[in-house]
Amino acid sequence: MYLMPEGLIMETMKNKYRSCGLNYDLIIERFPDINVYEETVNAYLADEFFKDLKVMLENEDYALAKDAVKGLYVLAGELCLFPLYEKLLEVYEDLEYETYGDVRVHYDDMMLTYEKIRGIFNA
């Protein structure tokens, strides 16, 4: 059985994270156990609010959508998922400033980022 050298494993992990705009070095600094981090991120990415948000927007339930997005962007920031954090913030700002004409476009853009990140975590 072939075992990869530690340096090659680290570079592979960095590339995996870099592929969707995440900063591996910052993440490992804040979360030294990468396995626990990945389990936590997988649980976060499984949050039903990501999919429920679409229904909330379709039903024009903007107050509930705003609350859901706020919780999601706070957690994205805590987990160093900054590309997703920024996209969620755009959706939140649309809801906060009642620019509802833009919110669906920003939601769709956020979901593309969500799916890209989700893909590397196998969530």
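Residues numbered from 1 in each chain as written. Predicted model: local features only at pLDDT ≥ 70, side-chain atom pairs only at ≥ 80, totals over all residues. Heavy atoms only, no water.

Caption draft 1: Representation of the nonpolar core within the structure. Grouped together as the largest cluster of nonpolar side chains are 38 residues, with contacts concentrated most on Tyr44, Leu81, Leu84, Leu88 and Met110. Per-element tally for this core: the top contributor is helix α7 (residues 100-121), with eight residues. Non-local contacts of Met110, meaning those with residues more than four positions away in its chain, are made with Phe50, Leu53, Leu84, Lys87, Leu88 and Val91. (Core = buried A, V, L, I, M, F, W, Y, C linked by side-chain atoms within 4.5 Å. Buried < 20%, exposed > 50% of the residue type's maximum accessible area, 1.4 Å probe, protein only. Helix = DSSP H or I, 4+ residues; strand = E, 2+ residues; numbered from the N terminus. Contact = heavy atoms within 4.5 Å.)

Caption draft 2: Just the pattern of salt bridges, in detail. Evaluated as defined, the whole model comprises nine salt bridges. Across the pair Glu38 and Lys16 runs a salt bridge whose closest N-O atoms are separated by 3.0 Å. Here Glu38 is found in helix α3 (residues 34-45), whereas its partner Lys16 is found in helix α1 (residues 6-18), with 22 residues between them in sequence. Across the salt bridge formed by Lys66 and Glu96, the nearest N and O atoms sit 2.5 Å from each other. Of this pair, Lys66 sits in helix α5 (residues 62-78) while Glu96 sits in helix α6 (residues 82-96), and the two are 30 residues apart along the sequence. Taking relative accessible area as the criterion, Lys66 reaches 24% and is therefore assigned partly exposed. The network of salt bridges with shared partners includes Glu58, Arg104 and Asp108. (Salt bridge = Lys/Arg side-chain N within 4 Å of Asp/Glu carboxyl O.)

Caption draft 3: Region of the structure containing α3. Look at α3: 16 Å from first C-alpha to last across 12 residues, which is about the 16 Å you get at 1.5 Å a residue. The N-capping residue of α3, defined by a side-chain oxygen 3.1 Å from the backbone nitrogen of Asn35, is Asp33. (Expected span 1.5 Å × (residues − 1). Polar contact = N/O pair within 3.5 Å; in protein donor to acceptor, adjacent residues only side chain to side chain.)

Caption draft 4: Inspection of the state of the cysteines at higher detail. In total, this model carries zero disulfides according to the counting rule given. Here Cys20 is not disulfide-linked; the sulfur of Cys80 is the nearest cysteine sulfur, at 13 Å. Cys80 gets classed as buried once you look at its relative accessible area, which sits at 2%. (Disulfide = S-S within 2.5 Å.)

Caption draft 5: Just the side chain of Glu38, in detail. Judged by its relative accessible area of 15%, Glu38 is buried. Not counting residues within four places of it along the chain, the set of residues in contact with Glu38 comprises Met13, Lys16, Tyr17 and Phe121.

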